[in-house]
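Chain residues, written in single-letter form:
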Amino acid sequence: MINDSSVVDLHSHTQASDGQLTPTQLITRAIEQSVDVLAISDHDTTAGLREAHRYNQGLAKPLKLINGVEISTRWHNYDIHIVALNIELNHQGLETFLTQQRQLRDERAQEIGRRLAKAGIEGAYEGASKLAQGAAISRGHYAHWLAENGYATSMANVFKKYLARGKTGYVPNNWGDMANAIEIIHSAGGVAVLAHPSGYKLSAKWLKRLVREFKTAGGDAMEVVMGQQTIDDRNNLAALSIQNELLASVGSDFHFPGRWIELGKNLFRPQGLEWVWQSDKWTERV
């Protein structure tokens, strides 16, 4: 049972996509951080969930593990992410869709490598591929490689210098639209959550439009509480969720241990919201 005192984190990543911990290591760290409920939501893959469930179920005191996946979509040329929660594993329609997503992701990754090479940065694709260890290559893998090889002082600066819109290694996204992704999520029994709405750096007007159109497309919830945000941002997102009759969700978007973002850290939940796990849409699966 998820109650008011439960530490809930419904957005995290493993080495199955661009996280740095294995599924087993992620579960271990979540428990160390006193997380009670954890969703693993790797980018366009459910590959890490089976290992996570096996390890978690063998523990004397397992946490509540939620099946998730983070799906990339296109909205007015923005790369918008949707976290699917409580999906059925091995759902044929979803797995076919995710395979197609990973193919699109690899095409984009190859083009990023070509553009960086043209700018004189040789070996970036190969380096990102090695870091991915067989997982789909993401911009995060490129950022990690570029930072390690001295092209910027941090991963955040890599994005600003090379991978952000208009920069050398930026490649426009090639994803499908939100409505199609939401339909696939629902077909797999899942709940569709708009991920990190304030992370897209939209104006107030465009953020309101995004949330409204996500709801119109069939979306169920939005992340209101994130690990690194101001109180004003949290309050603004809470107001948007209420105005658009969207359930509220919470997630750190954890990728690796660090100073700023940690599993379960700073995920304080404001009063007056209906949380996604309180809805009749919430059906936990193994």
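The structure contained in this document is the topic of the report that follows. (Residues numbered from 1 in each chain as written. Predicted model: local features only at pLDDT ≥ 70, side-chain atom pairs only at ≥ 80, totals over all residues. Heavy atoms only, no water.)

Enumeration according to the criterion identifies nine salt bridges in this entry. Across the pair Arg108 and Asp79 runs a salt bridge whose closest N-O atoms are separated by 3.3 Å. Here Arg108 is found in helix 3 (residues 92-118), whereas its partner Asp79 is found in strand 4 (residues 78-85), with 29 residues between them in sequence. Across the pair, exposure class does not vary: Arg108 and Asp79 are buried alike. Notably, a salt bridge pairs Glu213 with Arg209, separated by 2.8 Å at the nearest N-O pair. Within this pair, Glu213 and its partner Arg209 are both found in helix 8 (residues 204-216), separated by four residues, close to a single helical turn. When its relative accessible area of 25% is taken as the criterion, Glu213 is described as partly exposed. (Salt bridge = Lys/Arg side-chain N within 4 Å of Asp/Glu carboxyl O. Helix = DSSP H or I, 4+ residues; strand = E, 2+ residues; numbered from the N terminus. Buried < 20%, exposed > 50% of the residue type's maximum accessible area, 1.4 Å probe, protein only.)

Our next topic: the nonpolar core. In this structure, Leu10, Leu85, Leu210, Val276 and Trp277 are the most contacted members of the largest nonpolar core, which totals 53 residues. Aside from chain neighbours lying at most four places away, what touches Leu210 is Trp75, Ile80, Met178, Leu194, Tyr200 and Leu202. Within the second largest apolar cluster, 17 residues are counted, among which are Ala109, Ile137, Ala152 and Tyr162. (Core = buried A, V, L, I, M, F, W, Y, C linked by side-chain atoms within 4.5 Å. Contact = heavy atoms within 4.5 Å.)

Burial analysis of strand 7 (residues 247-251) places five of its five residues in the buried class, the great majority of the element. Of the crossover connections in this fold, the one passing from strand 6 (residues 221-226) over helix 9 (residues 231-243) to the parallel strand 7 is right-handed. (Right-handed = clockwise from strand over helix to strand, strands pointing away.)

Attention shifts here to the packing of helix 4 (residues 124-132) against helix 5 (residues 139-148). With their axes 8 Å apart at the nearest point, helix 4 and helix 5 run at an angle of 115° to one another. On the basis of their axis angle, the class for helix 4 and helix 5 is roughly perpendicular. Seen from above, helix 4 lies across helix 5 with right-handed handedness. Contact residues: Ala124, Tyr125, Gly127, Ala128, Leu131 and Ala132 in helix 4; His141, Tyr142, His144, Trp145 and Glu148 in helix 5. Residues that form the contact of helix 4 with helix 5 fall into these classes: seven nonpolar, three polar and one charged. (Axes fitted to C-alpha atoms, helices over the stretch in contact; angles between N-to-C directions. Parallel < 35°, antiparallel > 145°, perpendicular 65-115°, else oblique. Left-handed = near helix turned anticlockwise from the far one by under 90°. Nonpolar A, V, L, I, M, F, W, Y, C, P; charged D, E, K, R; others polar.)

Purely geometric stuff here, so don't read any function into it on its own.
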